[in-house]
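Commentary on secondary and tertiary structure
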Amino acid sequence: MAKKINFLNLGKHPITNNFLKVQNPNNEFFYNLDLIFNSETKLVSLKNFVSPKRMFNDKYAHRASASKTMRLAYSKLAKSIEKKFKPKSILEIGSNDGVFIKHFMKINNIGVEPCKNLARITNKMKIKTYDEFWNISLSKKIIKHNKFFDVIYSANTISHIHNLDETFQAVNNSLNNNGIFILEDPSLAEVLKNRSYDQFYDEHAYVFSITALKNITKKVGLQIFNIEKLKTHGGSNRVYFKKFSNDKIKISNNVSKHLKNEKQMGIHKLDVYRKFSKNVKRSKKKLVEIFRKLKKKGEPIIGYGATYKSSTVLNYCNLNHEFIDYFLDTTPTKVGKFTPGTHIPIMKYNGIPSNVRFAFLGAWNFKEEIFKKEKEFIKRGGKFISHVPYPKIL
Ligand code: TMP
């Protein structure tokens, strides 16, 4: 019998995508962010899933193409898929604003994107996009019109879908016998190493280990044949699947290496999550201490990048507008609004103002890109505050 064991309670949290038009709304939605470990499948997930319609609607703010790092990563990946697999058809689950799928205009390219504002963008780009949630019924509809796919790709989406068995079954049903499925999502091993508890929020229903992915996908007939470690989104895995029945594709040695590494970390054992939980509580104490000390000295502190991840940190640590004056962000749909739960104003990024010496690195996953861009700030003594891997002024 599968046992789901609670190992960390991160308190009450809002919908991360719900950037507020007014600072103090009276009807903000909150849910309990608790983390559980399934001792049978080894899956780590949220205990309480938030209704998909609350999260993925026609006001969805995140644009995958907002970051240069991500634009380059998707363009590079598209070239590599073209070269290695020479697909004649490709389906993307969670096509966002088309940053990846637009590289496949010469073949049959189909998007699935339940956020209607985003699906409109890619449909306008002449990429046929279904503005519905991915499930078996949609997959049947798509196959009826498009036949089976050579490649199915999904980045930062499968971890958002609650019914994983149905999700993978629908993927398997939609692939050619020689087709491949590529999934890209944050890595649980990296979360444990970096104590990046902010990978858990409403949308991230799961953070996958390779161990858990193997356990779940074998039930539907999919087999992992390759894994690439990525720096994106604070440490992700790109996992390649084939059908079990397809023995033309060789299984790379790195699959067993990853599994062995996870076993050594104890990713299959509850003790590891209990230890993680202790470290997260320590991390909160230390981060709040840093903010309190700076505020006592009267230092203005701003936030850099109002990411979804930062919502978990701010709400868990109760860092509201009394600690952070405002956030700077480059995403137009976030500018002029307030952070969910903590009600911090978000301003348009036009460089860091000269009176600011401290900036909380909300977008820590883009640290390299940001440090390159903010050479001037750093040169004049400006400092970033980060909570990853432990709270520190950088
Ligand atoms: P994401 O981690 O969910 O992709 O969100 C990144 C957010 O950070 C997005 O709103 C854009 C913002 N950002 C900046 O404001 N400046 C930057 O230099 C970078 C890289 C991101």
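Residues numbered from 1 in each chain as written. Predicted model: local features only at pLDDT ≥ 70, side-chain atom pairs only at ≥ 80, totals over all residues. Heavy atoms only, no water.

1. What to know about the overall build of the protein chain
Looking only at helices and strands, one finds twelve helices and 17 strands in the protein chain. The C-alpha radius of gyration computed for the protein chain amounts to 21 Å, which stays within 12% of the reference 21 Å derived for 394 residues, consistent with globular compactness. In terms of principal-axis extent, the alpha carbons of the protein chain reach across some 65 × 50 × 40 Å. The buried share among the 394 residues of the protein chain stands at 57%. A gap of 3 Å separates the mean positions of the 71 positive and 32 negative side-chain charges of the protein chain. (Helix = DSSP H or I, 4+ residues; strand = E, 2+ residues; numbered from the N terminus. Rg over C-alpha atoms; globule rule 2.2 N^0.38 Å. Buried < 20%, exposed > 50% of the residue type's maximum accessible area, 1.4 Å probe, protein only. Lys, Arg positive; Asp, Glu negative; His and termini not counted. Charge placed at Lys NZ, Arg CZ, Asp CG, Glu CD.)

2. Considerations on unusual backbone geometry
Cis peptide bonds are those with omega within 30 degrees of zero, and the linkage from valine 388 to proline 389 qualifies with 0°. In this fold, proline 389 is placed in the loop between strand 16 (383-386) and strand 17 (392-393). Positive phi, normally seen in glycine, also occurs at histidine 343, with a value near 60°. Within the secondary structure, histidine 343 is located in the loop between strand 13 (327-329) and strand 14 (346-348). What makes histidine 343 buried here is its relative accessible area of 12%.

3. Concerning the site of the ligand
Taken together, the neighbourhood of the ligand is formed by 14 residues, with Asp329, Thr330, Thr331, Lys334 and Lys373 sitting nearest. Here lysine 334 contributes a side-chain N or O atom positioned 2.7 Å from an oxygen atom of the ligand. Considered on its own, the ligand offers 490 Å² of accessible surface; in the complex 94% of this is hidden by protein. If one sorts the elements of the shell around the ligand by residue count, helix 11 (residues 367-373) sits on top with three residues. Taken together, the residues that form the shell around the ligand break down as four nonpolar, six polar and four charged. (Near = heavy atom within 4 Å. Polar contact = N/O pair within 3.5 Å; in protein donor to acceptor, adjacent residues only side chain to side chain. Areas by Shrake-Rupley, 256 points an atom, 1.4 Å probe, with all protein chains shown as cover. Nonpolar A, V, L, I, M, F, W, Y, C, P; charged D, E, K, R; others polar.)

4. Focus on the sheet that holds strand 15 (residues 358-361)
Taken together, six strands build an open sheet; the order of strands is 14-13-12-15-16-17 and the sheet is mixed. The open sheet has two edge strands with one neighbour each: strand 14 and strand 17. (Pairing = 2+ DSSP bridges.)

5. Let's talk about the packing of helix 4 (residues 136-146) against helix 5 (residues 164-174)
At a minimum axis distance of 9 Å, the contact between helix 4 and helix 5 shows a crossing angle of 15°. It follows that helix 4 is roughly parallel to helix 5 by the angle criterion. Handedness of the crossing formed by helix 4 with helix 5: right-handed. Here helix 4 contributes Ile136, Ser139 and Ile143 to the contact with helix 5, which in turn contributes Glu166, Gln169, Ala170, Asn173 and Ser174. Looking at the contact of helix 4 with helix 5 residue by residue, the classes come out as three nonpolar, four polar and one charged. (Axes fitted to C-alpha atoms, helices over the stretch in contact; angles between N-to-C directions. Parallel < 35°, antiparallel > 145°, perpendicular 65-115°, else oblique. Left-handed = near helix turned anticlockwise from the far one by under 90°. Contact = heavy atoms within 4.5 Å.)

6. Examining the pairing of strand 15
Neither face of strand 15 is left uncovered, since the one carrying Phe358 and Phe360 and the one carrying Ala359 and Leu361 both have all their residues buried. Inspection of the sheet shows strand 12 (residues 301-304) paired to strand 15 by four bridges, in the parallel sense. Following the sheet pairing, isoleucine 302 is matched in strand 15 by alanine 359. As paired strands, strand 15 and strand 16 are joined by three bridges and run parallel to one another. Within strand 16, the position partnered with phenylalanine 358 by the bridge is lysine 383.

These figures come from the coordinates and say nothing about function on their own.
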